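# Remarks on the overall topology
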Amino acid sequence: MSKIIDGKKIAQNIRMELKDEIKNLKKDGRVPGLTVVMVGNNPASETYVSMKEKAAEEIGINSRLIKKDEDISEKELLDLIDELNNDPAVDGILVQLPLPEHIDEKKVIESIVPDKDVDGFHPINTGRLFSGQEDSLRYEACTPLGIIRMLEREGIEIDGKNATIVGRSNIVGKPIAHLLLERHATVTICHSHTKDLKAETKRADIVVAAVGRAEMITGDMIKEGAVVIDVGINRIDGELLGDVEFESAKEVASRITPVPGGVGPMTIAMLMENTVKARKYHGV
Ligand code: L34
C-alpha cells in the first residue's frame, strides 16, 4: 500500500460504478439530469465546470451547462433557477461559486429546491446534516463527502480517532466536522483565532487542512503515523500547491493526499454520486 492516497484513481473507480448504475436507471426509463450554471468567466471556475461536464458525459448523465454573462442581474439568475426547479428533466442544479459581487450568493443557494441541491449547500441540507437527520433526503457537500469516501475506500478507521480540521468554512470545514463526528471521531476545528495550532494538529490521528493558504501545515505539526488530507488548491506562480507542505508532511504521515490528484477529483465524483441519488429520489 502506497503512502500517497490516489484520489484520481479512487474517483475513477467510483465513476465507473456509477456508470453501471446509470445504465440500469436508463433501462428503468430515464438517465439522471444535471444542470450546471456558471456566471462570468473566472478561469478556475471554467476548469472545474468543464471537468464536471466531462465526468457527467463519460458516465451517461444528461448534463447541460448554462453560461451567463458577468452582468446578469440577480433577478434573471433567480428566474433561471426557478425554471430549473420546475423542470422534471433536471434532477440536480449546481450554481458554480464564486458569483459576481452584485449577486447575493446566499439568496441564490436558497432559491434552489433542496431536493435538487446536489451541492448540498442549501440550509435544509446543511441543517439535516448538522442535526444528524440521516433518514430524510439529505445531500452532503461534495468535497467533505469525497474525503469520507476516500477514507472509507482506503480502509482508514474514523471511529474513536482524533480528527483535527484546520479551517471553518461552510463548504468544507463545518460539514466535514459533522461527517466525522457522525462516524464517531473526536473532532477539533481550528481557525485564525486558535491559540496553539501546532498543539492541536500534533495530537490528531487525522488532519484535514482546508484553509486556502499554501503549505501552511508543515511536517513538524503532524504526529508520526497520522493521516493527512489536503483540501487546499492554491495557484502560486502557475503551480498548484496544497495547504500542506507535502515533502515534509510525507515523512511523518502514514497516508497523505497529493495536490493535484487528491481531494479535487473526489469532489467531482461526489457530484456525480449526488446526481444519481437525486435521480433515484425523483423517480422516472
Ligand atoms: N457550487 N462551486 C460550487 N460547487 C463546488 O463544488 C465548487 N467547487 C469549488 C469552487 N466552486 C464550487 C469545486 O468544484 C472548488 N471545486 C473544485 C473541484 C475540483 C477540483 C478542484 C476544485 C479538482 O479536480 N482539482 C484538480 C486540479 C485541477 C486544476 O488543474 O486546476 C485536482 O487534482 O485537485
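The structure presented is a predicted model; accordingly, all values stated were derived computationally and were not measured. (Residues numbered from 1 in each chain as written. Predicted model: local features only at pLDDT ≥ 70, side-chain atom pairs only at ≥ 80, totals over all residues. Heavy atoms only, no water.)

### Concerning the overall build of the protein chain
The helix and strand inventory of the protein chain stands at 10 helices and 10 strands. Compactness check: the protein chain gives a C-alpha radius of gyration of 19 Å against a globular reference of 19 Å for 284 residues, within 12% of the reference. Projected onto its principal axes, the C-alpha coordinates of the protein chain cover approximately 50 × 45 × 35 Å. Burial analysis of the protein chain (284 residues in total) assigns 49% to the buried set. Restricting the contact set of the protein chain to residue pairs at least 6 apart, pairs at least 24 apart contribute 71%. (Helix = DSSP H or I, 4+ residues; strand = E, 2+ residues; numbered from the N terminus. Rg over C-alpha atoms; globule rule 2.2 N^0.38 Å. Buried < 20%, exposed > 50% of the residue type's maximum accessible area, 1.4 Å probe, protein only. Contact = heavy atoms within 4.5 Å.)

### Some points on the pattern of salt bridges
All told, the structure shown has 18 salt bridges when counted by the stated rule. Here Glu-140 ties to Arg-138 by a salt bridge, and the two come within 2.4 Å at their closest N and O atoms. Each member of the pair, Glu-140 as well as Arg-138, is classed as buried. With a shortest N-O distance of 2.6 Å, Glu-200 and Arg-203 are connected by a salt bridge. Each of Arg-138, Glu-140, Glu-182 and Arg-183 takes part in one network of salt bridges that share partners. (Salt bridge = Lys/Arg side-chain N within 4 Å of Asp/Glu carboxyl O.)

### As for the packing of helix 6 (residues 142-153) against helix 7 (residues 173-182)
Direction vectors running N to C along helix 6 and helix 7 enclose 35°, while the axes themselves pass 8 Å from each other. Judged by the sense of rotation from one axis to the other, the crossing of helix 6 with helix 7 is right-handed. Within the contact between the two elements, helix 6 uses Pro-144, Leu-145, Ile-147, Ile-148 and Leu-151 and helix 7 uses Pro-175, Ile-176, Leu-179 and Leu-180. In terms of residue class, the contact of helix 6 with helix 7 is made up of 9 nonpolar, no polar and no charged. (Axes fitted to C-alpha atoms, helices over the stretch in contact; angles between N-to-C directions. Left-handed = near helix turned anticlockwise from the far one by under 90°. Nonpolar A, V, L, I, M, F, W, Y, C, P; charged D, E, K, R; others polar.)

### What about the environment of Ile-4?
Within the secondary structure, Ile-4 sits in the segment before helix 1 (7-27). With 224 residues separating them in the primary sequence, Ile-4 and Val-228 have C-alpha atoms 9.7 Å apart. Sequence-distant contacts of Ile-4, that is, excluding residues within four places in its chain, are made with Phe-246, Lys-250, Arg-255, Ile-256 and Pro-258.

### Concerning the sheet that holds strand 5 (residues 186-190)
Pairing in this open sheet of 5 strands is parallel, and the strands run 5-4-6-7-10 from one edge to the other. Edge positions in the sheet fall to strand 5 and strand 10 (255-256), since each of these pairs with one other strand and no more. Sheet topology note: the strand 4 (residues 162-166)/strand 5 ladder contains 5 bridges and is parallel. Paired with Ile-165 across the strands is Ile-189, a residue of strand 5. Across the sheet, helix 7 lies against strand 4, strand 5 and strand 6 (206-209), angled at about 170° from strand 4, the strand it touches most. (Pairing = 2+ DSSP bridges.)

### Notes on the site of the ligand
Neighbouring the ligand are 17 residues, the closest being Lys-52, Val-95, Asp-119, Arg-235 and Gly-261. Take Arg-235: an N or O atom from its side chain is 2.9 Å from an oxygen atom of the ligand. Separating an oxygen atom of the ligand from a backbone N or O atom of Gly-264 is a distance of 3.4 Å. Secondary-structure elements contributing two or more residues to the shell around the ligand are helix 2 (43-59) and helix 10 (263-282). (Near = heavy atom within 4 Å. Polar contact = N/O pair within 3.5 Å; in protein donor to acceptor, adjacent residues only side chain to side chain.)

### Comments concerning the side chain of Asp-119
Within the element layout of this structure, Asp-119 appears in the loop between helix 4 (105-111) and helix 5 (123-130). The charged side chain of Asp-119 is buried without a salt bridge, its nearest counter-charge being Lys-52 at 5.3 Å. For Asp-119, the contacting residues outside a window of four places in its chain are Leu-94, Val-95, Glu-140, Ala-141 and Cys-142. (Lys, Arg positive; Asp, Glu negative; His and termini not counted.)

### Quick word on helix 5
The complete set of buried residues in helix 5 reads Asn-125, Thr-126 and Leu-129. For helix 5, the angular spread of buried residues about the axis comes to 95°, placing them on one side. As for helix 5, its buried residues are in contact with helix 7. Looking at the residues trailing helix 5, positive phi occurs at Gly-132, about 70°. (Arc of directions from axis to C-beta.)

### Remarks on the environment of Pro-265
With respect to the helices and strands, Pro-265 occurs in helix 10. Residues Pro-265 and Glu-58, spaced 207 residues apart in sequence, show a C-alpha to C-alpha distance of 14 Å. Apart from the residues within four sequence positions on either side, Pro-265 is in contact with Gly-7, Lys-8 and Ala-11.

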